[in-house]
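# Overview (structure and organization)
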Amino acid sequence: MMRSVVAAALVAAMLGGCAATPPLKAPPIRINEDPYPSTYARYPGAPTVIRGATIFDGEGGRINDGTVIFADGAVVATGDASLASPAGAIEINGAGKFVTPGIIDVHSHLGDYPSPGVEGNSDGNEATGASRPEVWAEHSVWPQDPGFSRALANGGVTSLQILPGSANLFGGRSVVLKNVPARTSQGMKFPGAPYGLKMACGENPKRVYGNKGGPGTRMGNVAVTRATWLKAQDYDRKWDKYEKVGGDMPGRDLAMDTLRGVLDGKIRIHNHCYRADEMAIMIDMSHEFGYKISTFHHAVESYKVADLLAREGICSAMWADWYGFKMESYDGIKENIPFVDRAGACAIVHSDDANGIQRLNQEAAKALADGRRAGVNVSDESAWRWLSFNPAKALGLESRVGSLKPGKMADIVLWNGNPFSTYTRPEKVWIDGAMMYDSANPRLRPVSDFELGQPGEGDTK
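All values reported here derive from a predicted model rather than from experimental measurement.

## Here we look at the layout of surface pockets
- Considered as a void within the structure, the largest pocket measures approximately 690 Å³ in volume.
- If you go around the largest pocket, you meet 32 residues; those closest to its centre are Glu 33, Asp 34, Trp 136, Arg 173 and Tyr 195.
- Counting residues per element, the lining of the largest pocket draws most heavily on helix α5 (residues 254-263), at 4 residues.
- Split into classes, the residues belonging to the lining of the largest pocket amount to 15 nonpolar, 5 polar and 12 charged.
- Taken as a whole, the second largest pocket holds about 360 Å³ of empty space.

See the structure below:
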């Protein structure tokens, strides 16, 4: 009798346990994080040797009477005259000339604010809300902007980051491009380059939105930015849980997707910020919400917080001498770049301008001279870091580009003299080992389709 009762209880427990078993959860759906992938393919090149030139390797090294060898899109070797040439390589006499890595501009709006500069082409600021992280700069890039070829031929610019404008606290995603002719922005898109997120401090957001519902003050800027990060953290937690255990998929939000990418370390912050106190606030905010700032842009007061930038590993992208055009830029100094460099921080020369991008070597030269007058004796070869290696570092690409180390992309400029002279111009420019510009060959002066038949077609100055 007792055995029958126990057996019945066991059966009931088993049946009850089966009834209580939860249904299987659906496995998580993986979201495509790269829906607009790069279709870039390097142009054909030939094994090339440049001999007898002065070489700035991009990381602070200098070789007099040096040799650079590149083939199959990559740097093969950099050294002295004893380097042997590969069979069948093109030999270029670089005597009296200089070789550098291609210039990388971390702050450009080419393609988003193209030439002609008319309202119909003005696509860089989505000024319809203070927080618009859902927009992507690449969806405004017009590949036929004549500014791309001017930056290549006049400035030796081989890669550039296209950023949305600074009207918004969160302006949207940036895109890194190779400076080559292509039919689409995807055809220019640097393969595997991390996305960036444009943020902004100070005057611009409060001026644009002060009469549009706010924020209208700097404290309002900070409050709205913090509130947005709180939403992003909540969104990130929901998606982390879903990707771990499955179940019902949370609702997608394109703006929060971008901010989640920042919190997960996949998207790099590029923060428009002029004043030292605001940079310090943004650093504290990054600690509060657990993300990393890659670079402060414009940053005319970086010299006041250079030690903080060095400690945090934050780059500062600066002009040589633009300041005083609005209140937050009033306290800039011409020694800003060398002072930041002296502090051990990552100093960068940037353009933010369709004309300035054609003369970044001259901008760096001005900063170099101003630093020397103030007793900061940066060498020419060390200053080239401001134009190639440090920008590559800010973009998360320093292992692939930005210097003439073997294995890196062969983005190379042969200058007809010292590149810090106002009289010097690019003579030849290679991107991934393909010659994209040759001053002696009219057939290698890129012209966009838009320019064909227009006055000044293909003109370089």
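Don't stop here, the text continues.
## Some details on the environment of Pro 146
- Among the structural elements, Pro 146 can be located in helix α2 (residues 146-155).
- You can call Pro 146 buried: its relative accessible area is 11%.
- Pro 146 sits 230 residues away from Val 376 along the chain, and the two C-alpha atoms are 38 Å apart.
- Filtering out sequence-adjacent residues up to four positions away, Pro 146 remains in contact with Ser 115, Ser 448, Phe 450 and Glu 451.

## Points about the packing of aromatic side chains
- Under the definition given, this model contains 17 aromatic pairs.
- Their ring planes at 75° and their centres at 5.7 Å tell us that Tyr 36 and Trp 136 sit as a pair that is edge-to-face. Within this pair, whereas Tyr 36 is found in the loop between α1 (2-20) and β1 (48-56), its partner Trp 136 is found in the loop between β6 (103-108) and α2, the two being separated by 100 residues in sequence.
- Given the relative accessible area of 35%, Tyr 36 is considered partly exposed.
- The class for Trp 136 is buried, based on a relative accessible area of 14%.
- Ring centres of Phe 56 and Phe 98 lie 5.5 Å apart, and the angle between their planes is 70°; this geometry places the pair in the edge-to-face category. Separated by 42 residues along the polypeptide, Phe 56 in strand β1 and Phe 98 in strand β5 (residues 98-101) bring together distant segments of the chain.

## Focus: the sheet that holds strand β7 (residues 157-162)
- A sheet is described by the order of its strands in space; here 8 strands give the open sequence β6-β7-β8-β9-β10-β11-β12-β13, paired in mixed fashion. Both outer strands of the open sheet, β6 and β13 (346-349), are each paired with one neighbouring strand and no more. Each strand of the sheet is rotated relative to its neighbour by a mean of 25°, with strand direction disregarded.
- Bridging between β7 and strand β8 (residues 170-178) involves 4 bridges; their strand directions are antiparallel. Its bridge partner being in β8, Gln 161 is matched across the sheet by Val 176.
- Contacts between α2 and the sheet are confined to β6, β7 and β8, with β7 contributing the most and set at about 140° to the helix.

## Remarks on the pairing of strand β10 (residues 268-273)
- The buried count for β10 comes to 5 of 6 residues, which makes it a mostly enclosed element.
- The pairing of strand β9 (residues 196-200) with β10 spans 5 bridges and is classified as parallel. The partner of Leu 197 across the bridge, within β10, is Ile 269.
- Pairing analysis gives 5 bridges linking β10 to strand β11 (residues 293-298), with the strands arranged parallel. Residue pairing in the sheet places His 270 in a bridge with Thr 295 of β11.
- In this fold, β10 hands off to helix α6 (residues 276-289), which returns the chain to β11; that crossover is right-handed.

## Quick notes on the nonpolar core
- Core analysis: the largest hydrophobic core is formed by 81 residues, its most contacted members being Trp 229, Tyr 291, Phe 296 and Trp 386.
- Setting aside anything within four residues of it in sequence, one finds Tyr 291 in contact with Met 199, Trp 229, Val 262, Leu 263, Ile 269, Met 282, Met 285 and Ser 286.
- Formed by 15 residues, the second largest nonpolar core is a distinct cluster that contains Cys 346, Ala 394, Leu 395 and Leu 397.

## Observations regarding the side chain of Gln 161
- Relative to the elements of secondary structure, Gln 161 occurs in strand β7.
- Setting aside residues no more than four positions away along its own chain, Gln 161 makes contact with Asp 105, Val 106, His 107, Ser 108, Ser 174, Val 175, Val 176, Gly 196, His 270, His 297 and Leu 395.

## Brief notes about the packing of helix α4 (residues 218-245) against α6
- Between α4 and α6, the least distance of the axes is 11 Å, while the angle of their chain directions is 20°. Between α4 and α6, the crossing angle belongs to the class labelled roughly parallel. Here the hand of the crossing between α4 and α6 comes out right-handed. From α4, Arg 218, Val 222, Thr 225, Arg 226, Trp 229, Leu 230 and Gln 233 reach across to α6, where they touch Glu 278, Ile 281, Met 285, Glu 288 and Phe 289.
- Residues that form the contact of α4 with α6 fall into these classes: 6 nonpolar, 2 polar and 4 charged.

Conventions used here
- Residues numbered from 1 in each chain as written.
- Predicted model: local features only at pLDDT ≥ 70, side-chain atom pairs only at ≥ 80, totals over all residues.
- Heavy atoms only, no water.
- 1 Å grid on protein atoms, 1.4 Å probe; cavity = no way out; pocket = protein on both sides within 12 Å on 5 of 7 lines; lining within 4 Å.
- Points joined across faces, edges and corners; volume = space filled by probe spheres on them.
- Helix = DSSP H or I, 4+ residues; strand = E, 2+ residues; numbered from the N terminus.
- Nonpolar A, V, L, I, M, F, W, Y, C, P; charged D, E, K, R; others polar.
- Buried < 20%, exposed > 50% of the residue type's maximum accessible area, 1.4 Å probe, protein only.
- Contact = heavy atoms within 4.5 Å.
- Phe/Tyr/Trp six-rings, centres within 6.5 Å; stacked < 30°, edge-to-face > 60°.
- Pairing = 2+ DSSP bridges.
- Axes fitted to C-alpha atoms, helices over the stretch in contact; angles between N-to-C directions.
- Right-handed = clockwise from strand over helix to strand, strands pointing away.
- Core = buried A, V, L, I, M, F, W, Y, C linked by side-chain atoms within 4.5 Å.
- Parallel < 35°, antiparallel > 145°, perpendicular 65-115°, else oblique.
- Left-handed = near helix turned anticlockwise from the far one by under 90°.

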